[in-house]
Amino acid sequence: MTVLRRLLRNGPAQARRRLYSNQAVDVKINRPNGGIIDSNDPQYDSNFASRSIIVAIDDIAEVGEWLYEVHNPDSRNQVVEISIDSKSIDSSTEPIRLSSTPSTDMVTESPPMVTIYADVKQGHSPVLNAHVIAAIERPSPFSIVDLQLFDSGTGADITRDDGVYSGYFVEFVEASCSTACRYSIQVTADDVDGNAVSKVTSRLGAMPRNYSVIPEKTEGTPVGDFNRVASGGVIQVDNNVDYVDWSDPSADPFPPSRITDLRVVETSIDNSTVTLTWTATGDDHDQGIASLYDLRYDTNFSTVAHDFENCDQLSNDNLTDGTLSDPLPSGGAESVTLKMPSSGVGFTYYFSIRAIDDVGNAGQPSNIAQTTIVTSPTSTSTTIATSVTPASGVTPSMQSTSATTVGHVEPISTGLDSWQIAAIIAITATVTVGSVALIAGLYSHYKKMKKMTKVEPISNKGTQTPRLCDVEVVMTDVY
């Protein structure tokens, strides 16, 4: 059952008495199925004495958007308070709730700035991909500012996909206020794009004995169409703060927010290209649209981390896809593919990026993303396969295996017995510590780990039966 209630009164009290209108307002409700509920409907209950109208929806209210219209037949303004109560048809379905709060309720810093948070949850699970707008009512005569809040882990938002949406508000204005100027906040959350999902998250802690109780990782459960409104409270601004003159664009003191999610998503060795992605930041911190991106790279990590200005700068001329000169609005998914010079085997590039606004304010350099472009050698790469036949009565832990090494492997002499090593000789481009360890693992113990050059059996003494452990691997330095 859904109850729609209207409490009617005629403005503020005057001379210690309240003046009520002699005419009640009229309410009409448009149902999702096209039906209309008005004063002629039996579900409509108007009580002029209590100045209230109650509309009780019989049975189950259909899913969809319900619209209401309020008509005032009086020539005087009337204040209408609205309360809507609803219950889920499925008792196991948790309701979606919205709460909001600012980072502070008294702004004293100059230039003034505050962060607005909105928490969207279904039960204890975060609601992701919601469309969240904070409407900030500024002192008269300045207009209301609609501020989009993001759950992207960038800008004012600390953690991505935790159901907490955040945004910086900087458009404070100098106004004539008898006391500290007040800014009222109202936050709306909905699924205007149809992508909102409720997602179960697991937290760090002791593992349960029963692994079946651990929730499986999912993409989330669609929550369907919803709309929630919550008050974000009131912000007051100290009279001693220095305001920004927004009529002068050059007076903008706020740089774009730092980009924190720069990533290498693809590296093409054949084309010598790298694809980078990140989330667009704004003009003023995480609001608006930046003017351009400054993308740089170096082959030295320390240079990128501590001396961004002296790194090599990339431009649109270096790109095969995307652009650095036309950023998306804050929160957009950016992507560029760039052509890099061929630099040989095992060469690593380190990238960092920052956004710049229209007056030249530059954000802080981003996190560092890296990739290694390897130029394939012209030599043929094959594999050394080694097999060992054990002596009588000896059971090896590994009878055959394969590995990769550098150089030419030859027995020190010819005519080796069948229990001794038979090696297929090969040349390859690189060697890794793991390759050496795998070859050495064929034997129960060895003396030195050096670059493999030869394998020889230890000579037999008397009638002693050779054993698998009587094989010595001689190596020189790997690197």
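Residues numbered from 1 in each chain as written. Predicted model: local features only at pLDDT ≥ 70, side-chain atom pairs only at ≥ 80, totals over all residues. Heavy atoms only, no water.

Student: Explanation requested: the overall build of the chain in the structure shown.
Tutor: In terms of regular secondary structure, the chain is built from 2 helices and 32 strands. Total accessible area on the chain is roughly 27700 Å²; 48% of this is exposed by carbon and sulfur atoms. (Helix = DSSP H or I, 4+ residues; strand = E, 2+ residues; numbered from the N terminus. Areas by Shrake-Rupley, 256 points an atom, 1.4 Å probe, with all protein chains shown as cover.)

Student: Looking at this structure, I do not really get the packing of aromatic side chains. What am I missing?
Tutor: What characterises a pair of aromatic rings is the spacing of the ring centres plus the angle enclosed by the ring planes. Going through the model one piece at a time under the given rule, you end up with 9 aromatic pairs. For the pair Phe 172 and Tyr 183, a centre-to-centre distance of 4.9 Å together with 70° between the ring planes defines the contact as edge-to-face. Of this pair, Phe 172 sits in the loop between β14 (164-169) and β15 (181-190) while Tyr 183 sits in strand β15; the two residues are 11 residues apart in sequence, bridging distant segments of the chain. As far as burial versus exposure is concerned, Phe 172 and Tyr 183 are alike and both buried. Seen from their ring centres, Tyr 297 and Phe 351 are 6.3 Å apart, and the 40° between their planes marks the pair as tilted. Taken as a pair, Tyr 297 in strand β21 (residues 292-298) and Phe 351 in strand β25 (residues 347-356) lie far apart in primary sequence, 54 residues in all. Note on Tyr 297: relative accessible area 13%, which makes it buried. (Phe/Tyr/Trp six-rings, centres within 6.5 Å; stacked < 30°, edge-to-face > 60°. Buried < 20%, exposed > 50% of the residue type's maximum accessible area, 1.4 Å probe, protein only.)

Student: Explanation requested: the sheet that holds strand β9 (residues 106-107) in the structure shown.
Tutor: Sheets are built from strands that pair by backbone hydrogen bonding, the pairs being arranged parallel or antiparallel. Across the sheet, which stays open at both edges, the 5 strands sit in the order β9-β18-β15-β12-β13 with mixed pairing between neighbours. A strand with exactly one partner marks an edge of an open sheet, and here the two such strands are β9 and β13 (145-149). Of the pairings in the sheet, the one linking strand β12 (residues 131-137) to β13 comprises 5 bridges and is antiparallel in character. Bridge pairing in β13 links Ile 136 to Val 145. (Pairing = 2+ DSSP bridges.)

Student: I would appreciate a short explanation of unusual backbone geometry in the present structure.
Tutor: For residues besides glycine, phi is generally negative; the peptide bonds are generally trans as well. Here Ser 110 and Pro 111 are connected by a cis peptide whose omega angle stands at -10°. When you line up the elements, Pro 111 lands in the loop between β9 and β10 (114-122). Residue Pro 141 is bonded to the preceding Ser 140 through a cis peptide linkage, with omega at 10°. Backbone geometry at Ser 272 places phi at a positive 55°, although glycine is not the residue there. For Ser 272, the position within the fold is in the loop between β19 (263-268) and β20 (273-279).

Student: Would you mind showing me how to read the pairing of β20 here?
Tutor: In the case of a regular strand, side chains alternate between the two sheet surfaces. Within β20, 7 of the 7 residues are buried, which leaves the element mostly enclosed by the surrounding structure. The alternating pattern of β20 places Thr 273, Thr 275, Thr 277 and Thr 279 and Val 274, Leu 276 and Trp 278 on opposite faces, both of which are buried. Both β19 and β20 contribute to a ladder of 5 bridges, which runs antiparallel. The residue bridging Glu 266 from the neighbouring strand is Thr 275, located in β20. Between β19 and β20, which follow one another and run antiparallel, lie 4 residues, and Ser 272 among them has a positive phi close to 55°. Relative to strand β24 (residues 333-339), β20 runs antiparallel, the two sharing 7 bridges. By the bridge assignment for β24, Thr 277 is matched with Ser 335.

Student: Help me understand a nonpolar patch on the surface, please; the structure alone is not making it clear to me.
Tutor: A cluster of nonpolar side chains, namely Tyr 68, Val 70, Ile 82 and Ile 84, defines an oily patch on the protein surface of about 350 Å² accessible area. The set of elements that each furnish at least two residues to the nonpolar patch consists of β6 (67-71) and β7 (79-85). Inspection of the secondary structure assignment puts Val 70 in strand β6. (Patch = residues over 30% accessible without salt bridge, like charges linked within 9 Å, V, L, I, M, F, W, Y side chains within 5 Å. Salt bridge = Lys/Arg side-chain N within 4 Å of Asp/Glu carboxyl O.)

Student: I would appreciate a short explanation of the nonpolar core in the present structure.
Tutor: Core analysis: the largest hydrophobic core is formed by 31 residues, its most contacted members being Val 132, Phe 169 and Tyr 183. Those elements giving two or more residues to this core turn out to be β8 (96-102), β10, β12, β13, β14, β15 and β18 (227-237). No other element matches the 5 residues that β15 contributes to this core. Beyond its immediate chain neighbours, meaning those up to four positions away, Phe 169 contacts Met 113, Val 114, Ile 116, Ile 136, Arg 138, Val 145, Leu 147 and Tyr 183. Counting 22 residues, the second largest nonpolar core, distinct from the first, contains Val 274, Ala 280, Leu 324 and Met 340. (Core = buried A, V, L, I, M, F, W, Y, C linked by side-chain atoms within 4.5 Å. Contact = heavy atoms within 4.5 Å.)

Student: Any chance you could explain the state of the cysteines here in plain terms?
Tutor: Covalent bonding between the sulfur atoms of two cysteines defines a disulfide. This model, assessed by the stated rule, comprises 1 disulfide. Paired by a disulfide, Cys 177 and Cys 181 hold their sulfur atoms 1.9 Å apart. In this structure the cystine formed by Cys 177 and Cys 181 twists about its S-S bond by roughly 100°; its chirality is therefore right-handed. Taking relative accessible area as the criterion, Cys 177 reaches 29% and is therefore assigned partly exposed. For Cys 181, a relative accessible area of 3% translates into the label buried. (Disulfide = S-S within 2.5 Å.)

Student: I would appreciate a short explanation of the sheet that holds β6 in the present structure.
Tutor: Taken in spatial order, the 3 strands line up as β3-β2-β6 in an open sheet, and their pairing is antiparallel. At either end of the open sheet lies a strand with only one pairing partner, and these are β3 (36-37) and β6. Strand direction decides the pairing type here: strand β2 (residues 26-30) and β6, joined by 5 bridges, are antiparallel. Within β6, the residue paired with Ile 29 across the bridge is Tyr 68.

Student: Looking at this model, I keep getting lost on the environment of Phe 150. Mind explaining?
Tutor: Its place among the elements puts Phe 150 in the loop between β13 and β14. According to the relative accessible area criterion, Phe 150 is buried, its value standing at 15%. Distance in space between the C-alpha atoms of Phe 150 and Val 164 is 8.0 Å, their sequence separation being 14 residues. Contact partners of Phe 150, with chain neighbours within four places excluded, come to Asp 157, Val 164, Tyr 165, Ser 166, Asp 286, Ser 330 and Gly 331.

Student: Whenever I open this one, the pairing of strand β11 (residues 125-128) confuses me. Can you help?
Tutor: As paired strands, β10 and β11 are joined by 2 bridges and run antiparallel to one another. The residue bridging Lys 121 from the neighbouring strand is Pro 126, located in β11. Connecting the antiparallel pair β10 and β11 is a turn made up of 2 residues, with Gly 123 showing a positive phi of about 65°. Here β11 pairs with strand β16 (residues 197-198) via 2 bridges, running antiparallel. Considered in β16, the bridge of Leu 128 is made with Val 197.

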